[in-house]
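Next come the chains, spelled out residue by residue.
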Amino acid sequence: MEVMKNPKETARKILNAVKTVPVLSSSAGRILQIIDSSNPSIAALVNIIRNDSPLTANILKAANSAFYGLRSEVSSIDQAVPLIGIDEVVRIALRSGVSDVFEKELTGYKGVAGEFWKHDLRAAIASHKIASYGRIYISPEIAFTGGLLHDIGKAIVSSYLGDVSKKIVEAIDRGVVKDFHEAEKRLLGVDHAMVGFEVARHWNLPEILQNIIRYHHTPSEAPEMFKPIVYCVHLGDILAMMAGYGTGSDTLYYPLDDRYSDFIDLSEDELHLLILEIDEKFEQVNY
Amino acid sequence: MYEVIIEINFCILLQTGDPIKIIGIGDFGASNSTGDTLKTFALGSCVAVIISHKSTGTIGMVHVALPDSSISRTGKAKTKPGYFADTGIPTLLKHMRSMGCVGPVSKSQFSVKIAGGASVLSCSDIFQIGRKNVYAIKNILDSYGLNPIAADIGGNISRTVSIVIGSEKISVTSPAREEWKL
Ligand SMILES: [Fe+2]
Ligand SMILES: [Fe+2]
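Here is what the cut-offs are and how they apply
Residues numbered from 1 in each chain as written. Chains lettered and ligands numbered in written order. Predicted model: local features only at pLDDT ≥ 70, side-chain atom pairs only at ≥ 80, totals over all residues. Heavy atoms only, no water. UniProt positions renumbered as here; feature names shortened; annotations may be inferred. Helix = DSSP H or I, 4+ residues; strand = E, 2+ residues; numbered from the N terminus. Contact = heavy atoms within 4.5 Å. Patch = residues over 30% accessible without salt bridge, like charges linked within 9 Å, V, L, I, M, F, W, Y side chains within 5 Å. Areas by Shrake-Rupley, 256 points an atom, 1.4 Å probe, with all protein chains shown as cover. Salt bridge = Lys/Arg side-chain N within 4 Å of Asp/Glu carboxyl O. Buried < 20%, exposed > 50% of the residue type's maximum accessible area, 1.4 Å probe, protein only. Pairing = 2+ DSSP bridges. Donors = N, O, S within 2.8 Å, 3.2 Å for Na, K, Ca; no water. Tetrahedral: all angles 85-135°; square planar, octahedral: opposite > 155°, others 65-115°. Polar contact = N/O pair within 3.5 Å; in protein donor to acceptor, adjacent residues only side chain to side chain. Buried area = accessible area lost by both parts, 1.4 Å probe. Phe/Tyr/Trp six-rings, centres within 6.5 Å; stacked < 30°, edge-to-face > 60°. Lys NZ or Arg CZ within 6 Å of the ring centre and 35° of its normal. Axes fitted to C-alpha atoms, helices over the stretch in contact; angles between N-to-C directions. Parallel < 35°, antiparallel > 145°, perpendicular 65-115°, else oblique. Left-handed = near helix turned anticlockwise from the far one by under 90°. Nonpolar A, V, L, I, M, F, W, Y, C, P; charged D, E, K, R; others polar.

An unreviewed UniProt entry lists chain B under the name Probable chemoreceptor glutamine deamidase CheD, from Candidatus Desulfobia pelagia. What UniProt states about chain B under its Function (unreviewed entry) heading is, verbatim, "Probably deamidates glutamine residues to glutamate on methyl-accepting chemotaxis receptors (MCPs), playing an important role in chemotaxis." In its Catalytic activity (unreviewed entry) section, UniProt records this for chain B: "L-glutaminyl-[protein] + H2O = L-glutamyl-[protein] + NH4(+)".

Below, the structure is given as structure tokens:
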């Protein structure tokens, strides 16, 4: 496999580029802090949203969408937030609160426009559902949020992959390199999970989200206290790829860590049912 | 002209004249108009089953996501029979028969190709859904006396599959790979 001239130099450039990522909108940042609290309250979310008029407008728009089928119009944020639920608030706040990061076409991964967001949303829905199979309590809202953000590093790494993803795919097929995660590290000196972690720190995200992003492909390396939720999002990511919702050339080229079963208790029938439910939920919210 | 798809509630409907029919997850469709295309995107662990009827030139496709409909408690097999191997293949055959693919189902009239059934890099048995889909599909086909004459299955490749009515070969594509034929 052709390795870039100097992976160390490339890694330095990539990590420098993280500093130029636009900051998270202050309401999105505060919403994520609330999700991370032990008992996320609707009232606290309402207070943040109220002070952000574009976000208020987007949330009212969602609440009034045909999906909820209400006869009368929802005009207040107090009504809208409980109606659409916490996941929807996070989804709307992040999509508009991280400038156009999710809208990016991941050309380095040979991705097409729109694919990145769909993969993340699919992984988020899957992670939320998997959370209920945790052997100990896993917050479904944090799992959802982690699912949305897990691949954020790809938004930066993509530009540095240039045209090599075809070579990476060939190298994995020939057994020269074991997976895409490994290939990124060898080629670029850094992988998208680590770059995502740097973005998460740059954004001051709660520690739990930083860890989900950093270890989503290497969950066994996560600090013990975060392992259950890291494995949860690890599986959510994999289920998204298995359903055909990837981000391009790297789709499916990642390992599943079987030790998930220490933290997630999932029978085969439950897994099949889960896949079905994820599909149905995705149809509802993917607009 | 497209044949009108009878089971309206669970079939994709496209405007007449659109030459490409997109088959989503759990959908199915068929056409006998030369030049029409049946296409399904990014199969992952799902499997596309493509059935050709020789004397009428009809080609049908179903996008199977799971092996067995008995897991659904919400009647998914009724609303989207294409979703499961055990209901998807009979439904596609029935649909093709309603389009004039009559006579007994046998190898002399029907030929089948399958593509998809990929997986991530994993040793976990329960996550080998692609392989289980393929296994279930082959069993159902076998009950009709059919077996795939060509298969492009497994691996870590998310395949996009399309076929033009009137042509023999299926086109398979995947990001960062050259197109290949099946
Ligand atoms: Fe990833
Ligand atoms: Fe991912």
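Once the structure has been displayed, the description carries forward.
Asks: How should I be thinking about the side chain of B:Ser111 in this particular structure?
Replies: For B:Ser111, the position within the fold is in strand 6 (residues 110–116). Not counting chain neighbours up to four residues away, the residues in contact with B:Ser111 comprise B:Ile50, B:Ile51, B:Ser52, B:Lys54 and B:Ile149.

Asks: Would you take a moment to explain a nonpolar patch on the surface for this structure?
Replies: All names here are of chain B. Together, Ile-20, Ile-22 and Phe-41 give the surface a local cluster of nonpolar side chains, amounting to about 240 Å² of exposed area. Relative to the helices and strands, Phe-41 resides in the loop between strand 3 (37–40) and strand 4 (47–53). Using a relative accessible area of 44% as the deciding quantity, one classes Phe-41 as partly exposed.

Asks: I keep staring at the pairing of strand 3 of chain B and nothing clicks. Help me out?
Replies: The two faces of the sheet receive side chains in turn, since in a regular strand these alternate between them. Residue and element names in this part refer to chain B. Looking at chain direction, strand 1 (residues 20–22) and strand 3 are connected through three bridges and run parallel. Paired with Ile-22 across the strands is Lys-39, a residue of strand 3. As defined by bridge partners, strand 3 adjoins strand 8 (residues 160–164) across four bridges and the pair is classed as antiparallel. Bridged to Thr-37 within strand 8 is Val-164.

Asks: Can you walk me through the coordination of the iron ion (ligand 2) in this structure?
Replies: Working reference: metal with six octahedral donors, ideal angles 90 or 180 degrees; metal with four tetrahedral donors, ideal angle 109.5 degrees. All names here are of chain A. His-119 (NE2), His-150 (NE2), Asp-151 (OD) and Asp-237 (OD) make up the full set of protein donors to the iron ion (ligand 2), lying at 2.1 to 2.2 Å. For the iron ion (ligand 2), the four donor atoms in the first shell make angles of 86 to 175° at the metal, a pattern classed as irregular. As a motif over one chain, the donors of the iron ion (ligand 2) read H-x30-H-D-x85-D.

Asks: Could you clarify how one ought to interpret the environment of B:Arg177 in this entry?
Replies: Here B:Arg177 shows up in the loop between strand 9 (171–173) and strand 10 (180–181). B:Arg177 gets classed as partly exposed once you look at its relative accessible area, which sits at 23%. Sequence separation of B:Arg177 and B:Gly145 is 32 residues, and the distance between their C-alpha atoms is 35 Å. Setting aside residues up to four positions removed in sequence, B:Arg177 forms contacts with A:Val169, A:Asp173, A:Tyr253 and B:Ile157. In terms of polar contacts, B:Arg177 uses its side chain to reach the side chain of A:Tyr253, at 2.3 Å.

Asks: Sorry if this is basic, but what is going on with the interface of chain A and chain B here?
Replies: Bring the parts together and some accessible area is lost; that lost area is often taken as the interface size. Residue-level contacts link 36 residues of chain A with 33 residues of chain B. In this assembly, chain A packs against chain B so that about 2900 Å² is buried in total across both faces, 66% of it on carbon and sulfur atoms. Among the residues of chain A in contact with chain B, A:Met242, A:Leu252 and A:His272 are the three that bury the most area, contributing 23% of the side total. For B:Lys132, the salt bridge goes to A:Glu268, with nearest N and O atoms at 2.6 Å.

Asks: Hey, could you run me through the sheet that holds strand 9 of chain B in this one?
Replies: The strands making up a sheet are joined through hydrogen bonds of the backbone, oriented either antiparallel or parallel. What the five strands build is an open sheet, ordered 1-3-8-9-10 (chain B); its pairing is mixed. What marks the edges here is a single partner per strand, and that holds for strand 1 and strand 10 of chain B.

Asks: What is the right way to look at the packing of aromatic side chains in this model?
Replies: We describe a pair of aromatic rings using the distance from one ring centre to the other and the angle between the two ring planes. Using the criterion set out here, one finds eight aromatic pairs over all chains in the structure. Seen in terms of ring centroids, A:Phe102 and A:Trp117 are 5.0 Å apart; in terms of plane orientation they differ by 65°. Their pairing is edge-to-face. Within this pair, whereas A:Phe102 is found in the loop between strand 1 (98–100) and helix 7 (115–131), its partner A:Trp117 is found in helix 7, the two being separated by 15 residues in sequence. On the accessibility criterion, A:Phe102 (0% relative accessible area) is buried. A relative accessible area of 2% means that A:Trp117 is categorised as buried. Relative to A:Phe263, the ring of A:Tyr231 lies with its centre 5.1 Å away and its plane at 20°, an arrangement referred to as stacked. On the criterion of sequence distance, the pair formed by A:Tyr231 in helix 14 (residues 227–242) and A:Phe263 in the loop between helix 14 and helix 15 (268–285) is long-range, its members being 32 residues apart. Of the two residues, A:Tyr231 and A:Phe263, neither departs from the other in class, the shared state being buried. One aromatic cluster is present, formed by A:Phe102, A:Phe116 and A:Trp117 through successive ring pairs. Lying over the aromatic face of A:Tyr109, A:Lys154 brings its terminal NZ or CZ to 5.3 Å of the ring centre. The aromatic ring of B:Tyr83 is capped on one face by B:Lys76, whose charged end is 5.0 Å from the ring centroid.

Asks: So what exactly am I meant to see when it comes to the packing of helix 7 of chain A against helix 15 of chain A here?
Replies: Residue and element names in this part refer to chain A. Relative orientation of the contacting elements helix 7 and helix 15 amounts to 130°, with a least axis distance of 10 Å. Considering their axes alone, helix 7 and helix 15 lie oblique with respect to each other. Note on packing geometry: the crossing formed by helix 7 with helix 15 is right-handed. Contacts between helix 7 and helix 15 involve Lys-118, Leu-121, Arg-122, Ile-125, Ala-126, Lys-129 and Ile-130 from the former and Leu-274, Glu-277, Ile-278, Asp-279, Lys-281, Phe-282 and Val-285 from the latter. Here the contact of helix 7 with helix 15 is composed, by residue class, of eight nonpolar, no polar and six charged.

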